[in-house]
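# Survey of secondary and tertiary structure
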Amino acid sequence: MTYVQGSSLRFRKLLVVIKQTAYEEYSQLKLRGQAPKALRWNRLESRYKAHKQCVNDLLASLRHHKVDFLCVNRVELDRQHLSNVDLVVAVGGDGTVLSASHFLDHGTIPLLGINSDPITRDESKSVKNKSADERRSHGALCACTSNDMHRGLSRILYGGGHLSSRTRIQCVLKTTFTETRLVPTLNDMLICNPSPAAVSRFRMGWLEENHYPQEEEEDRLTTTSNMGSLSEPTQLYKPPTLNHYGTITRFGGQSYDVQKSINVWSSGMWVSTSTGSTAAIKNSGGQVMERDSSDLQYLIREHMIEADADNDVQTIGNKPLRDGEKLHLRWNSHRGKVFIDGSHMTHDLSLGDELLITGDAPPLQLFLREDGDENTDAMGLSTA
């Protein structure tokens, strides 16, 4: 983690990624006569106005600091917008930060999240008492809110702030004909059947690189050279057999041995970083990790275990994936999906597809809230 402060601008060209609010989305549906009848328009409009006020205040502050910037809607964000950008600013909530992070593949451009409509401590209590429904983004991935944005933004623009390197999940999807490197995952990844009522079947194991030893004489094939005599044999290399090495697979041209593999019937699997360990995987029974840990964590959801299963099978449901380990899945259901950081980014799975999961993605440079910031408590909830 880095704490720095200077007297000159550190970031001079910014990309501002702006959330599209529910009010805007439902307004479009209303024009087509497709909006749900139970919508509370006054509440949606109030949230929309708070968000827009934050955006307008942010742009005014950037103009005040004479910073060059470009604005883009979250749903229209493209890699071409990142050309020559020094800093990406995501205005909205955690979802906007996650969406923006998927475009920062190389981890060279820092990301700053601003919670445009933060929940307050009083509103958080009202949710627990169910006297109102004021649930908003807690902004766990945001360095500042609309309440303290000017102070936090100024500090960051001039080289200050709390810049943290966040571990991300790297997942490679291999089908019959293609091999695709999915976008880095900042929070968590869910691998499951598209139907929550269906069983997710897959085989999981750990990969180790194969380095084939020199084969002994009896393991080589001997043929007769077409150009030589019968006394001049040509020895051809005999590939290793499955019995010799176990199950073998290949990613990126590298051969791997799949070890300690088991068949799993379940509701799917969560894979989380330390950043995401306080979110869905925790609420599913997982462990909260040290915030700066470079390890990953996986959790099998509703693992169907036979009564006479080995102890290894019974205890494999929730474990860390240490730095350098490679988790391998072979999908054994007819259909499946990979959900990356929520429901917006997905990839389809078919029977026989394979996944290689590691923590090898380039880390994300993310500004986080500094301890002791005014107007927030330890959870990041606004006290303003």
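Below, the structure is looked at part by part.

Thresholds applied
- Residues numbered from 1 in each chain as written.
- Predicted model: local features only at pLDDT ≥ 70, side-chain atom pairs only at ≥ 80, totals over all residues.
- Heavy atoms only, no water.
- Helix = DSSP H or I, 4+ residues; strand = E, 2+ residues; numbered from the N terminus.
- Buried < 20%, exposed > 50% of the residue type's maximum accessible area, 1.4 Å probe, protein only.
- Contact = heavy atoms within 4.5 Å.
- Areas by Shrake-Rupley, 256 points an atom, 1.4 Å probe, with all protein chains shown as cover.
- Polar contact = N/O pair within 3.5 Å; in protein donor to acceptor, adjacent residues only side chain to side chain.
- 1 Å grid on protein atoms, 1.4 Å probe; cavity = no way out; pocket = protein on both sides within 12 Å on 5 of 7 lines; lining within 4 Å.
- Points joined across faces, edges and corners; volume = space filled by probe spheres on them.
- Nonpolar A, V, L, I, M, F, W, Y, C, P; charged D, E, K, R; others polar.
- Expected span 1.5 Å × (residues − 1).
- Axes fitted to C-alpha atoms, helices over the stretch in contact; angles between N-to-C directions.
- Parallel < 35°, antiparallel > 145°, perpendicular 65-115°, else oblique.
- Left-handed = near helix turned anticlockwise from the far one by under 90°.
- Phe/Tyr/Trp six-rings, centres within 6.5 Å; stacked < 30°, edge-to-face > 60°.
- Lys NZ or Arg CZ within 6 Å of the ring centre and 35° of its normal.
- Salt bridge = Lys/Arg side-chain N within 4 Å of Asp/Glu carboxyl O.
- Patch = residues over 30% accessible without salt bridge, like charges linked within 9 Å, V, L, I, M, F, W, Y side chains within 5 Å.
- Lys, Arg positive; Asp, Glu negative; His and termini not counted.
- Charge placed at Lys NZ, Arg CZ, Asp CG, Glu CD.
- Pairing = 2+ DSSP bridges.

A few words now on the overall build of the chain. Within the chain, the secondary structure is distributed over eight helices and 21 strands. Per-residue burial over the chain gives 46% buried out of 384 residues. Considering only residue pairs separated by 6 or more positions, the chain has 73% of its internal contacts joining residues 24 or more positions apart. Total accessible area on the chain is roughly 20500 Å²; 48% of this is exposed by carbon and sulfur atoms.

Within the secondary structure, N263 is located in strand 14 (residues 254–266). Taking the C-alpha atoms as reference points, N263 and R203, separated by 60 residues in sequence, lie 4.3 Å from one another. Sequence-distant contacts of N263, defined by excluding residues within four places in its chain, comprise F202, R203 and N332. At 3.0 Å, the side chain of N263 forms a polar contact with the side chain of R203.

Mapped onto the fold, Q297 is located in strand 16 (residues 296–300). A distance of 2.7 Å separates a polar side-chain atom of Q297 from the backbone nitrogen of Q287. Setting aside residues no more than four positions away along its own chain, Q297 makes contact with W270, V271, S272, S277, I281, G286, Q287, M289, N318, K319, P320 and L321.

Turning our eyes to something else, we now look at the layout of surface pockets. Considered as a void within the structure, the second largest pocket measures approximately 380 Å³ in volume. The wall of the second largest pocket is formed by 16 residues, among which W206, K260, I316, K319 and E325 lie closest to the centre. Of the residues contributing to the lining of the second largest pocket, the split by class is seven nonpolar, two polar and seven charged.

Attention now moves to helix 2 (residues 41–64). Given 3.6 residues per helical turn, the α-helix brings residues three or four places apart onto the same face. Under the 1.5 Å per step criterion, the end-to-end length of helix 2 is 34 Å for 24 residues, consistent within 8% with the ideal 34 Å. Turning to helix 2, its buried residues number three or more, namely L44, H51, C54, V55, L58, L59, S61 and L62. In this structure, the buried residues of helix 2 make contact with strand 2 (13–18), helix 1 (22–31), strand 3 (68–73), strand 4 (87–92), strand 5 (111–115) and helix 5 (149–157). Following helix 2 by one or two positions, K66 adopts a phi angle in the positive range, close to 55°.

With that out of the way, let us pick up the packing of helix 2 against helix 5. Relative orientation of the contacting elements helix 2 and helix 5 amounts to 40°, with a least axis distance of 11 Å. Looking at the two axes, helix 2 sits oblique to helix 5. Considering the relative orientation of helix 2 and helix 5, their crossing is right-handed. Contact with helix 2, carried on its side by C54, D57, L58, S61 and L62, involves M149, H150, L153 and L157 of helix 5 and no other residues of that element. A per-class count over the contact of helix 2 with helix 5 returns six nonpolar, two polar and one charged.

The subject of this paragraph is the packing of aromatic side chains. To describe a pair of aromatic rings, one takes the distance between the centres and the angle between the planes. In this structure the tally under the stated criterion is five aromatic pairs. Members of the aromatic cluster, each reached through a chain of ring pairs, are Y23, W41 and Y48. The ring of W41 has K30 sitting right over it, with the charged end atom 4.8 Å from the ring centre. The ring of F251 has K174 sitting right over it, with the charged end atom 4.8 Å from the ring centre.

Moving on to the pattern of salt bridges. Summed over all chains, the structure comprises nine salt bridges. Ionic pairing is found between K49 and E45, a salt bridge with its closest N-O pair at 3.7 Å. In this pair, K49 and E45 are both assigned in helix 2, four residues apart and thus about one turn of the helix distant. For the salt bridge of D148 with R369, the shortest nitrogen-to-oxygen distance reads 2.9 Å. Linking D148 in the loop between strand 6 (144–145) and helix 5 with R369 in the segment after strand 21 (354–368), this pair joins segments that are 221 residues apart in sequence. Accessibility expressed as a relative area gives 6% for D148, which makes it buried. Look at R369 and you get buried, because its relative accessible area is 12%.

Locating H102 in the fold gives a position in the loop between helix 3 (94–101) and strand 5. Put simply, H102 and M345 are 243 residues apart on the chain and 9.2 Å apart in space, counted from C-alpha to C-alpha.

Moving on, we come to a negative patch on the surface. On the surface, E306, D308, D310 and D312 cluster together into a negatively charged patch. Note on placement: D312 falls in helix 8 (residues 311–314).

This paragraph deals with the sheet that holds strand 15 (residues 269–272). With respect to topology, six strands assemble into an open sheet ordered 17-16-15-9-19-20, the strand pairing being antiparallel. For this open sheet the edge positions go to strand 17 (318–321) and strand 20 (345–350), each flanked by a neighbour on one side alone. Going across the sheet, the axis of each strand differs from the next one's by a mean of 15°, ignoring polarity.

So, about the pairing of strand 16. Working note: regular strand, side chains alternate between the two faces of the sheet. Of all five residues in strand 16, five are buried, a share of seventy percent or more. Burial along strand 16 is two-sided: the face carrying L296, Y298 and I300 and the face carrying Q297 and L299 are both buried. Relative to strand 17, strand 16 runs antiparallel, the two being bridged by four bridges. Following the sheet pairing, L299 is matched in strand 17 by N318.

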